[in-house]
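Here's the letter readout for the chains.
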Amino acid sequence: MATCQHCHNKWTWKQTMKTTTTLNTAYTCPYCGKKQYATKKSRTQFYFLTLIPLIALLLNLFHNIPVWFIFSWLILGGAVVLSLFPAVLKLTNKEEFFF
Ligand SMILES: [Zn+2]
């Protein structure tokens, strides 16, 4: 679970979703108001998570998969990614860059 590295309060699923639905990489802690950043590792994990729903689209290029299956996979995969996101997210006080 996402835990603020400043005040050590755990963010709830709802708080995490609300805080992270921004294009800004700095997330403001709902408890202490300090800026938090996703760690490099958790960001990488999240990119892999988002690949899960996309695998279905990729498979569809090579196999004849029914459209209903692709759609339910996308919806299910999207739901899984969304529900796992706060569990995967780890916070840090300093922004970590990829490069
Ligand atoms: Zn905090």
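To keep things clear, this report deals only with the structure shown in the data block. Computed from a predicted model, the values in this text were never measured in an experiment.

## Comments concerning the coordination of the zinc ion
And step 1. Surrounding the zinc ion are the protein donor atoms Cys4 (SG), Cys7 (SG), Cys29 (SG) and Cys32 (SG), which sit 2.3 Å from the metal.
And step 2. Seen from the zinc ion, its four donor atoms lie at angles of 105 to 114 degrees, and the figure they make is tetrahedral.
And step 3. Read from N- to C-terminus, the donor residues coordinating the zinc ion fall into the pattern C-x2-C-x21-C-x2-C. Separated by 25 residues along the polypeptide, Cys4 in the segment before helix 1 (13–20) and Cys29 in the loop between strand 1 (26–28) and strand 2 (35–38) bring together distant segments of the chain.

## Re the packing of aromatic side chains
And step 1. A full pass over the atoms with the stated rule returns three aromatic pairs.
And step 2. For the ring pair Trp68 and Phe69, a centre distance of 5.9 Å and an interplane angle of 85 degrees mean the geometry is edge-to-face.
And step 3. Trp68 sits in the exposed class, given a relative accessible area of 61%.
And step 4. Judged by its relative accessible area of 33%, Phe69 is partly exposed.
And step 5. Taking the centre distance of 5.9 Å and the plane angle of 50 degrees together, the rings of Phe69 and Trp73 count as tilted. Placement of both Phe69 and Trp73 in helix 3 (residues 67–88) is noted, with a separation of four residues, approximately one turn of the helix.
And step 6. Taken together, the ring pairs connect Trp68, Phe69 and Trp73 into an aromatic cluster.

Quick notes on the rules
- Residues numbered from 1 in each chain as written.
- Predicted model: local features only at pLDDT ≥ 70, side-chain atom pairs only at ≥ 80, totals over all residues.
- Heavy atoms only, no water.
- Donors = N, O, S within 2.8 Å, 3.2 Å for Na, K, Ca; no water.
- Tetrahedral: all angles 85-135°; square planar, octahedral: opposite > 155°, others 65-115°.
- Helix = DSSP H or I, 4+ residues; strand = E, 2+ residues; numbered from the N terminus.
- Phe/Tyr/Trp six-rings, centres within 6.5 Å; stacked < 30°, edge-to-face > 60°.
- Buried < 20%, exposed > 50% of the residue type's maximum accessible area, 1.4 Å probe, protein only.

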